[in-house]
Amino acid sequence: MASVVLLAVLVLCVSFPARAQDVRRQYVAGCGNFSPSGFEKQLADMKEETDRMKNQVDLLALVQTLMIQQSDLTSRVNSLEQQKTSQQGMMDSLANQLSEERVRSTQLESRVQNLTTTLYEHDINIKQRLQCTCEGLVLGDVISTTAAALPSEPVFTAVAPVTEMASPAEPKAETPTESPVAEMTTTQPGISPPVADSMGPVTGIQIRLAGGSTQLEGRVEVRNGTGQWGSVCDDNFDLQDAHVVCRQLGFGAALEVKLAGHFGEGSGNVWLDEVACNGNEKDLGDCPADSWGRSDCSHKEDVGVVCAGDAALRLVGSPVPWKGRLQIRPWGALEWGAVCNTGWTEAGAGFVCRQMGYTGGVTSSGQADIGEGSENIWLGDVTCSGEETNILSCDFSWEPSDCDHSQDVHVICTGGVSVRLAGSQNPSEGRVEVHPGNGDWGTVCDDGFDDRDAQVVCRQLGYYTGSARVGGVFPEGTGNIWLDNLNCAGNESSVADCEINRWGDHDCTHKEDAGVVCAADDCAEYLSSGFTTGGVYKIGLLPAYLKAYCDMDTAGGGWTVIQRRQDGSVPFNRTWEEYKLGFGNKNGEYWLGNENIHLLTNKKNYRLRIDLEDWQGESRWAEYSTFRVSGESDGYRLHISGYSGTAGDSMAHNNGRRFSTVDRDNDDWSAASCSQRFGGQGGWWFGTCTHSFLNGRYLGNCRSSCPTEQGVAWFHWRRFTYSLKSVTMKIRP
């Protein structure tokens, strides 16, 4: 705008004198030829020029006015900007002043609170000193025998020098060397002062948790009486100390100790340091510790705890809800965990079953069909009296380091009738004995006793199925005959759920004691009983607690696995005795045992199936319609025939051969021992030596460049320089 105005002024200034000079020249030049018409024309031109110049002057005045207005507007804008800046500065200053005032107010409030607390404690101290002094005075011949009243929550300043209780940040009161309090506490019978030594207990303290996300966790804070809350140092603070804290708060037990201010730093004093509980105290003040308020810690060392609270229980690993592997989920925990059987008793089994709504229960020695867990092991060394309301009220250790899942607690929960088997060397069969509640053991009459009743008896004992034995098959019992004409539908979980006549009402003798045989003979019987899930099952009619893996999927299912190789986790270079009894993990690699294979295959006619897999993911199979193993006296000789399949017949050469191991050579090769020379010293039915060797050394993925005749070999498919990835031997009637 300013540049436009200046240009206009310059144009006017230049054009005005030029126009005047032109008119003048015309006038002078025209004097010699003057004529009125010419003069009028010149006057008209001059008037026109004058009007034009007047317009230009008016324009110039307008421009000047606009320039003045613009200058004034600019000044006003600058003034407003200055006012705004000044006001912002004032607002910032006021905000700073307000913040400083708030800080000073907080500090003043804290000081007032501290002074109020100190005055209150000193007031109590003075009143108690005056009371004790007055009661200890001798007035004439009258001596007061009234004991000094003790506060409901012990306050140390009443019986100990004030210097022991004073906060490090507060002035310490002067205490006379010989005070009436000291004289009273040393002469008054039945009253003694609290210990003030460096490791003496501090009794009667209050406790709380702060800074946690739930009521079960947080920074441990304590106070004495009505004093200020303060923290606890984490020096040497362990789970035993945490148990006392959690129990004092009513949560039962502690799960974890949190160190180094995990739940945030506290404020005020660090009241306790070097706490050393044994874990059985009811109050943190009963634990040895440094004297109250004596600490070399900062709040960066504030200790915290996580308490267990309540816990949920369940049984898993079984198709029925009343039996299985015990799992626990503490309050607030995200995952279920196992319970280790170290320290476990029958009182614990009955207790947890009652907590889950059953009448009672017993501990199982480990059911084959339940298997091992893979979850965390939350509890170990659990000791319950049976009177607790929750398992976390028992004594226990959290996440025990010396347990594995072979020690998982297995529980069978029952109704109000207990059952056991008697009269055999085999725990899965025998005479049925029962007792009601806490009564004596007695027998069951076999009148009307059938397989449905036997199935319930066996199920209550932890087996999946069973069959009845009547007519005194097992030795006669003694004592009461409790039940007659037992009537079960077959699907009950306990005899208590069956239709029962009046207890003790019968017309039988012990020659009619009912018996049962529990568990199935093999996996095929489990399949026919409706169990279609593969896993580890207990096999009946064999030595106690024999377990085997049941393959319920391959070729119609019902296969009892006698051998499995899959990852090399179990070495197969074993002795004769080990191959006789069996070894390995039934959920992984194992050998069922020559004696067990002999007992199984000599009770029924079995077929053998062998499933093979190579490292390229290709699978083959071989089946033999006849498979039997002789007893130990015949060297566990193999009887096999009737091949069919896709892998080729590599077992025909083994037919009729006795079993050999590295320490017992029964092969037909006189030059040397096949077990020592081939297959990494595994056991097998060797001839001279063999076309198959499924118990060889697990060599891994060496493809066709494996050491000759050293791996897991099947000659008619991959020859002797290839070690297979997996192989399973299984039998079925």
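Note that this is a predicted model, so its numbers are computed, not measured.

Calculation criteria
Residues numbered from 1 in each chain as written. Predicted model: local features only at pLDDT ≥ 70, side-chain atom pairs only at ≥ 80, totals over all residues. Heavy atoms only, no water. Helix = DSSP H or I, 4+ residues; strand = E, 2+ residues; numbered from the N terminus. Buried < 20%, exposed > 50% of the residue type's maximum accessible area, 1.4 Å probe, protein only. Contact = heavy atoms within 4.5 Å. Phe/Tyr/Trp six-rings, centres within 6.5 Å; stacked < 30°, edge-to-face > 60°. Lys NZ or Arg CZ within 6 Å of the ring centre and 35° of its normal. Polar contact = N/O pair within 3.5 Å; in protein donor to acceptor, adjacent residues only side chain to side chain. Salt bridge = Lys/Arg side-chain N within 4 Å of Asp/Glu carboxyl O. Core = buried A, V, L, I, M, F, W, Y, C linked by side-chain atoms within 4.5 Å. pLDDT = per-residue confidence, 0-100. Disulfide = S-S within 2.5 Å. Pairing = 2+ DSSP bridges.

(A) Structural context of the overall build of the protein chain. On a plain count of helices and strands, the protein chain comes out with 11 helices and 34 strands. Looking at the protein chain as a whole, 44% of its 733 residues are labelled buried. If you take every contact in the protein chain between residues at least 6 apart in sequence, the share linking residues at least 24 apart comes to 63%.

(B) Spotlight on the packing of aromatic side chains. This model, assessed by the stated rule, comprises 17 aromatic pairs. Ring centres 5.1 Å apart and planes at 40° place the aromatic pair phenylalanine 686 and phenylalanine 693 in the tilted group. When the ring centre of phenylalanine 583 is taken as reference, the NZ or CZ atom of arginine 574 above it lies at 4.4 Å. It is arginine 718 that lies over the ring of tyrosine 722; its NZ or CZ is 5.2 Å from the centre.

(C) Representation of helix H4 (residues 239-248) within the structure. Among the residues of H4, Asp241, Ala242, His243, Val244, Val245 and Cys246 are the ones counted as buried. Contact partners of the buried residues in H4: strand S3 (205-210), strand S4 (217-224), strand S6 (254-258), strand S8 (304-307) and strand S14 (395-398). Between the side-chain oxygen at the start of H4 and the backbone nitrogen of glutamine 240 there is a gap of 3.1 Å, and the oxygen is on aspartate 238.

(D) View of helix H9 (residues 594-601). Counting buried positions along H9 gives 6 out of 8 residues, so the element sits mostly inside the fold. Within the sequence span of H9, burial applies to Asn594, Asn596, Ile597, His598, Leu600 and Thr601.

(E) Spotlight on the pattern of salt bridges. Tallied over the entire structure, the rule returns 27 salt bridges. In this structure, the salt-bridge partner of arginine 208 is glutamate 221, at a minimum N-O distance of 2.8 Å. Of the two residues, arginine 208 sits in strand S3 while glutamate 221 sits in strand S4, which places them 13 residues apart along the sequence. On the basis of relative accessibility, which here comes to 34%, the residue arginine 208 falls in the partly exposed class. A relative accessible area of 7% means that glutamate 221 is categorised as buried. Notably, a salt bridge pairs glutamate 525 with lysine 604, separated by 3.1 Å at the nearest N-O pair.

(F) Representation of the nonpolar core. Judged by nonpolar contacts, the single largest core of 75 residues is most densely connected at Phe449, Ile610 and Trp714. In terms of nonpolar packing, the next biggest core, distinct from the first, is built from 28 residues, Ala308, Ala311, Ile391 and Cys394 among them.

(G) Region of interest: the environment of phenylalanine 720. Within the element layout of this structure, phenylalanine 720 appears in the loop between helix H11 (715-718) and strand S34 (726-732). Between the C-alpha atom of phenylalanine 720 and that of histidine 691, which follows or precedes it by 29 residues, the distance is 8.2 Å.

(H) Focus on the confidence of the model for the protein chain. Looking at the protein chain as a whole, the pLDDT averages 75, with 75% of positions reaching at least 70. Residue range residues 7-34 is modelled with pLDDT below 50. Its contacts to residues more than four positions away, or to other chains, number 12 contacts. Scored below 50 in pLDDT, residues 126-202 shows 87 contacts in the model against residues more than four places distant or in partner chains.

(I) Spotlight on the state of the cysteines. Throughout the structure, instances matching the rule amount to 9 disulfides. Put simply, cysteine 233 and cysteine 297 are joined by a disulfide, and their sulfur atoms are 2.0 Å apart. Judged by the sign of its S-S torsion, about -75°, the bond between cysteine 233 and cysteine 297 is left-handed. You can see cysteine 233 sitting in the loop between strand S5 (230-232) and H4 and its partner cysteine 297 sitting in the loop between strand S7 (270-272) and S8, a full 64 residues away along the chain. The pair formed by cysteine 233 and cysteine 297 is uniform in burial state, with each residue classed as buried. The residue that forms a disulfide with cysteine 702 is cysteine 706, at a sulfur-sulfur distance of 1.7 Å. The sign of the S-S torsion, about 100°, decides the handedness of the disulfide formed by cysteine 702 and cysteine 706: right-handed. A relative accessible area of 6% means that cysteine 706 is categorised as buried.

(J) Spatial organisation of the side chain of serine 726. Inspection of the secondary structure puts serine 726 in strand S34. Beyond its immediate chain neighbours, meaning those up to four positions away, serine 726 contacts Arg565, Gln566, Asp611, Leu612 and Glu613.

(K) Summary view of the side chain of asparagine 594. Relative to the helices and strands, asparagine 594 is located in helix H9. Filtering out sequence-adjacent residues up to four positions away, asparagine 594 remains in contact with Tyr579, Lys580, Tyr636 and Phe659.

(L) Local environment of the pairing of strand S21 (residues 515-518). Side chains of S21 alternate between two faces, with Gly515 and Val517 and Val516 and Cys518 buried alike. Taken together, the 4 bridges between strand S19 (residues 466-469) and S21 define a ladder with antiparallel strand orientation. Note that in S21 the partner of serine 467 across the bridge is valine 517.

(M) Summary view of the environment of glutamine 460. Note on placement: glutamine 460 falls in helix H6 (residues 451-460). Judged by relative accessible area, which is 3%, glutamine 460 ranks as buried. It is 8.7 Å that separates the C-alpha atoms of glutamine 460 and glutamate 492, two residues lying 32 residues apart in sequence. A distance of 3.3 Å separates the side chain of glutamine 460 from the side chain of serine 494, its partner in a polar contact.

(N) Quick look at unusual backbone geometry. Phi angles above zero are rare outside glycine, and glutamate 274 is one such case at about 55°. Here glutamate 274 shows up in the loop between S7 and S8. Residue classification places glutamate 274 among the partly exposed residues on the basis of a relative accessible area of 25%. Phi is positive for alanine 555, close to 45°, though the residue is something other than glycine. In this fold, alanine 555 is placed in the loop between strand S23 (547-551) and strand S24 (559-565).

(O) Examining the environment of histidine 653 more closely. Structurally, histidine 653 is set in the loop between strand S29 (638-645) and strand S30 (659-660). Put simply, histidine 653 and histidine 691 are 38 residues apart on the chain and 6.6 Å apart in space, counted from C-alpha to C-alpha.

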